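# Close look at the chain arrangement
Read off the chains here:
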Amino acid sequence: METSKEELLAVLTKECELYSSIPASEQQQKRDKKCFINGLMTACRVVGISFEELNSVIESMPKQPKFKNIDEQLSIPTYVRNNVEIKL
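Residues numbered from 1 in each chain as written. Predicted model: local features only at pLDDT ≥ 70, side-chain atom pairs only at ≥ 80, totals over all residues. Heavy atoms only, no water.

### A few points about the nonpolar core
It is characteristic of soluble globular proteins that their nonpolar side chains tend to be buried jointly. By size, the foremost hydrophobic cluster in this structure holds 17 residues, and its most contacted members are Leu-12, Cys-16, Met-41 and Ile-58. The set of elements that each furnish at least two residues to this core consists of α1 (2-21), α2 (27-46), α3 (51-59) and α5 (78-87). Per-element tally for this core: the top contributor is α1, with five residues. (Core = buried A, V, L, I, M, F, W, Y, C linked by side-chain atoms within 4.5 Å. Buried < 20%, exposed > 50% of the residue type's maximum accessible area, 1.4 Å probe, protein only. Helix = DSSP H or I, 4+ residues; strand = E, 2+ residues; numbered from the N terminus.)

See below:
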């Protein structure tokens, strides 16, 4: 089971990196990636990955700039957005 958790965390890390590399102008692509990441995070919790482990993935992401408008803010996955807001 540990191998499955590590593999799932590796996939989540990769997807978060891909999400960070999508330009803000590609709103649909960002929304699609956001939905996928949210699903991955749910799967992580189902298999027993802790919030601390999820936090370590999120903290490794490049820092997001402050949001220009509400649409831009809402285009970021909720879990990531909440962590970014707390740290700003």
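From this point, the narrative continues.
### Section: the confidence of the model for the protein chain
Taken residue by residue, the protein chain gives an average pLDDT of 80. The fraction at 70 or more is 78%. Looking over the protein chain, one finds the lowest element-wise mean pLDDT in α5, namely 59, and the highest in α2, namely 91. (pLDDT = per-residue confidence, 0-100.)

### Quick look at the side chain of Lys-30
With respect to the helices, strands and loops of the structure, Lys-30 is situated in helix α2. Beyond its immediate sequence surroundings of up to four residues, Lys-30 is in contact with Tyr-19, Ile-22, Pro-23, Ala-24 and Ser-75. (Contact = heavy atoms within 4.5 Å.)

### Let's talk about the packing of aromatic side chains
Enumeration over the complete set of coordinates arrives at zero aromatic pairs. Lying across the ring of Phe-51, Arg-45 places its NZ or CZ 3.9 Å from the centre. (Phe/Tyr/Trp six-rings, centres within 6.5 Å; stacked < 30°, edge-to-face > 60°. Lys NZ or Arg CZ within 6 Å of the ring centre and 35° of its normal.)

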